[in-house]
Amino acid sequence: MDLEFGRGLRSPKRDSWKTTLLLAYQSLGVVYGDLSISPLYVYKSTFAEDIQHSETNEEIFGVLSFVFWTLTLIPLIKYVSIVLRADDNGEGGTFALYSLICRHANVSLLPNRQIADEELSTYKLECPPEITDKSRIKVWLEKHRKLRIALLIMVMIGTCMVIGDGVLTPAISVFSAVSGLEFSLSKDHREYAVIPITCVILAFLFALQHYGTHRVGFLFAPIVLAWLFCMSAVGLYNIIHWNPQVYQALNPYYMFKFLKKTRKYGWMSLGGILLCMTGSEAMFADLGHFSYSAIQLAFTCLVYPALILAYMGQAAYLSKHHDFYSSSQVGFYIAVPDRIRWPVLILAILASVVGSQAIISGTFSIINQSQSLSCFPRVKVVHTSEKIHGQIYIPEINWLLMILCIAVTVGFRDTKHMGNASGLAVITVMLVTTFLTSLVIVLCWHRPPLLAFAFLLFFGSIEALYFSASLIKFLEGAWLPILLAFILMAVMLVWHYTTIKKYEFDLHNKVTLEWLLALGDKLGMVRVPGIGLVYTDLTSGVPANFSRFVTNLPAFHRVLVFVCVKSVPVPHVLNAERYLIGRVGPPGHRSYRCIVRYGYRDVHQDVDSFETVLVETLATFIKLDASYRCSEASDPDELTEAMVEPAGERERRLTVIASSNTLRHRASYDLQDSARHSSPASTTVEMQARAAAGDRDDGAAAEISPEKKQVRFFIDSHVASPGAAGSGKQVEEELEALAAAREAGTAFILGHSHVQCKPGSSVLKRLAVDVGYNFLRRNCRGPDVALRVPPASLLEVGMVYVL
């Protein structure tokens, strides 16, 4: 089963109860590993120093009441009942919410947006834009660029905190699990055992990442399931044996009594209580792996009751035991009977490893998504499984996370500081999710703004209370996620800003093919055998680096393809809709444009399969283009239009080449217009689809006219026999030239850029571009690695960008 595609690519029919049960079981090891181990450190972090466990039990009962209502309101009601419904074609997470908003409102800052992207099958809108009244919030977002930038910065902050959580969660989880050894070791040996063992386990965990989780993933669900049953059993035993009346603490009145007695210190202790919902965001982030019903079933029927029983059991035990040497001993293992402490310790360590594995994989995934939005420097992404889509490994990030995790463990050496740091990262991500979901309610679900405001006010107030309690502990560990977020934000902003400016520079300095052809006569241009793939971010025109290349070395390949690899605000692009092919110049010039579209969760193809598929799509395009021109010539009205239409307009037509037995869309529109539509102030072009009588299931092509904004279908049989229209010889020659060029070899022409600021630029801009961006460019992976270009076929063209 392809878990990565999940619900997004499964049948729209509801899953059977057997499938739902299987997915719910599998979700235990992927989604709930982090959330299920929170009882290891919640009470210990809460009672670290701020409050004391007294004889009246008001503190422990108040904390239990807070834990119960926090788990009920945030994971159960907010995430399971509301946020999980805000999926993007079955995908969840921060980027899913952002892409959903970008499709319903023109707030995306991606530079090369095209009208054709809105025709993708996965570009799903709940309500057609032409019949939707624009809300005031949507108008404000589209009108003010600063609001769009602020929205992107908020998404970046959430992303940075998720990465920070990838550093802190493995450290606190494994350390809390291993700390159970304190009850079996003398006080002198604890310091020399717990920290080294934790570091060894962390190093072992990160060292195994390059093998991929699919090899041992079948063990994850049984381990978490056993851990949940273990927690439930221990909790139920403590409730029955020590204090059956502990259920009374679920009354919210105990929260009021707790705050009334502890006052400021009780408020500060909320930073430890919020750790009970650590890992709740994973339910939404991993939605694409499973389904809404499976995650809902697993949480409501198993995870939620097990957590409540575990916390109630600890509270029941602590309510009858007050003779502790220090409040830091108010932890999980003290409530575990001596006879089963060692088996529980081993099971807890295994569960903490599973929970850490989930957050590490999530960190890899969100960094890969950040790259797709040009918000993160290029890193090497390794796909560890050929069968399971989305199992990735990023070497640089993996070893950096390992070093930081071990540094946090050795530096903090206690649960208190780790908990303060982890709590701030967790609650910040939740605040970002709450705000983005409120925008989804208005912009995507078209609900009244008052309902979205109520959602934001209710859940935002709860999370803001916890956020303030975490932030007040800045000097006691909370500074770490803020420092990590500040560094990551600086990296992401510098990379995104400079990438956008480079695109604007390319857009301003691009040249037309007419200029290139006219220049060729003067320079004596030579066509050499082979295929030349010129990579560019532009969707129209000839990039400046290629014009610089041919003016200095007047030779290029007999078949020339301008390749633009771009991301669109959808999680996945179907293979049948991935390639947009068009001509650049007359057919005899053998120059084409290929726009390759990927979603933010798509896996980029390796160079061999990409080259093969590209040649196949070019061959299909040549046949389809010939049949289209034949149909134009056979229709007097079409012939009149073709005579009036400028040659340059015809050259800008693009075709979506689909696989066999699927619909082929021929999308004709002005690529110069698409550049204008890349501006945030652009509006959506409305197209009306009209099928002709010849439309069949065995294949067709749809012509979209930018003037008439209509779609016309014609029979795909012309593709199979272009010679019937008298153009077979021309098509045969063009296909033979393509095959000969493929046999001669393929060269990948990439720009090797150097960026510098204009004279007179501000100090901040020079610091960001001249120092920051160039440092990142020199020390991160080159575009050839990201695009998987073989070194033997690589040809780099130096280019200086003056921004």
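Heads up: these notes are all about the structure in this document. A quick note: this is a predicted structure, and the numbers were derived from the prediction, not measured.

Calculation rules
- Residues numbered from 1 in each chain as written.
- Predicted model: local features only at pLDDT ≥ 70, side-chain atom pairs only at ≥ 80, totals over all residues.
- Heavy atoms only, no water.
- Helix = DSSP H or I, 4+ residues; strand = E, 2+ residues; numbered from the N terminus.
- Buried < 20%, exposed > 50% of the residue type's maximum accessible area, 1.4 Å probe, protein only.
- Contact = heavy atoms within 4.5 Å.
- 1 Å grid on protein atoms, 1.4 Å probe; cavity = no way out; pocket = protein on both sides within 12 Å on 5 of 7 lines; lining within 4 Å.
- Points joined across faces, edges and corners; volume = space filled by probe spheres on them.
- Salt bridge = Lys/Arg side-chain N within 4 Å of Asp/Glu carboxyl O.
- Axes fitted to C-alpha atoms, helices over the stretch in contact; angles between N-to-C directions.
- Parallel < 35°, antiparallel > 145°, perpendicular 65-115°, else oblique.
- Left-handed = near helix turned anticlockwise from the far one by under 90°.
- Nonpolar A, V, L, I, M, F, W, Y, C, P; charged D, E, K, R; others polar.
- Polar contact = N/O pair within 3.5 Å; in protein donor to acceptor, adjacent residues only side chain to side chain.
- Pairing = 2+ DSSP bridges.
- Phe/Tyr/Trp six-rings, centres within 6.5 Å; stacked < 30°, edge-to-face > 60°.
- Bend = angle between axes of the 7 residues up to and from the residue.

Moving on: the overall build of the protein. When its secondary structure is counted, the protein shows 30 helices and 13 strands. Residue burial in the protein is summarised as follows: out of 803 residues, 57% are buried. Of the contacts formed within the protein by residues at least 6 apart in sequence, a portion of 81% connects residues at least 24 apart.

Over the atoms rolls a probe the size of a water molecule, and in doing so it shows where empty space is left. Tallied over the entire structure, the rule returns eight cavities of 30 Å³ or more. As a volume, the largest cavity reaches approximately 130 Å³. Along the walls of the largest cavity sit 14 residues, with Ser-108, Arg-113, Asp-117, Tyr-123 and Pro-569 positioned nearest its centre.

Under the counting rule described, the total for this entry stands at 13 salt bridges. Across the pair Glu-59 and Lys-261 runs a salt bridge, and its minimum N-O distance is 2.9 Å. With Glu-59 in helix H4 (residues 58-82) and Lys-261 in helix H11 (residues 253-262), the pair connects residues that are 202 residues apart, well separated along the chain. What makes Glu-59 buried here is its relative accessible area of 5%. For Lys-261, a relative accessible area of 38% translates into the label partly exposed. Across the salt bridge formed by Lys-501 and Glu-504, the nearest N and O atoms sit 3.6 Å from each other.

Between helix H1 (residues 17-30) and helix H15 (residues 292-318), whose axes approach to 8 Å, the crossing angle comes to 65°. With respect to H15, the element H1 is oriented roughly perpendicular. Classified by chirality, the crossing of H15 by H1 is right-handed. On the side of H1, the interface is formed by Thr-20, Leu-21, Leu-23, Ala-24, Ser-27 and Leu-28, while H15 contributes Ser-293, Ala-294, Leu-297, Ala-298, Leu-302 and Val-303. Split into classes, the residues belonging to the contact of H1 with H15 amount to nine nonpolar, three polar and no charged.

As for its placement among the helices and strands, Arg-593 is situated in strand S6 (residues 591-598). What makes Arg-593 buried here is its relative accessible area of 5%. In terms of polar contacts, Arg-593 uses its side chain to reach the backbone carbonyl oxygen of Gly-541, at 2.9 Å.

Moving on: the pairing of strand S4 (residues 555-567). When you tally the buried positions in S4, you get eleven out of 13 residues, the bulk of the element. When strand S3 (residues 526-535) meets S4, the two strands line up parallel, connected through eight bridges. Within S4, the position partnered with Leu-533 by the bridge is Val-561. Taken together, the eight bridges between S4 and S6 define a ladder with parallel strand orientation. From the neighbouring strand, Cys-564 faces S6, where its bridge partner is Ile-595.

Okay, the packing of aromatic side chains next. Two aromatic rings, taken as a pair, are described by how far apart their centres are and by the angle between their planes. Counted under the stated rule, the structure contains 21 aromatic pairs. Ring plane angle 90° and centroid distance 5.9 Å describe the contact between Phe-61 and Tyr-254, whose orientation is recorded as edge-to-face. Taken together, the positions of Phe-61 in helix H4 and Tyr-254 in helix H11 put the pair 193 residues apart, joining distant regions of the chain. With respect to class, Phe-61 is no different from Tyr-254; both count as buried.

Below, the discussion takes up helix H19 (residues 449-471). Approximately 30° is the largest bend angle found in H19, and it occurs at Gly-460. Of all the positions in H19, only Ala-452, Phe-455, Phe-459, Gly-460, Ile-462, Glu-463, Tyr-466, Ala-469 and Ser-470 are classed as buried. The inward-facing, buried residues of H19 abut H4, helix H12 (264-268), helix H13 (270-273) and helix H18 (415-443).

The next point concerns the packing of H4 against H11. Between H4 and H11, the least distance of the axes is 8 Å, while the angle of their chain directions is 130°. Taken as axis vectors, H4 and H11 run oblique relative to one another. Of the two elements, H4 crosses H11, and the hand of that crossing is left-handed. Every residue of H11 that contacts H4 at Glu-58, Glu-59, Phe-61, Gly-62, Val-63, Ser-65, Phe-66 and Trp-69 is listed here: Tyr-254, Met-255, Lys-257, Phe-258, Leu-259, Lys-261 and Thr-262.

Once that is clear, we can look at the pairing of S3. If a strand is regular, its side chains alternate between the two faces of the sheet. Where S3 lies against strand S12 (residues 746-756), four bridges are found, and the strand directions are parallel. Across the sheet, residue Gly-532 finds its bridge partner in S12, namely Ala-747.

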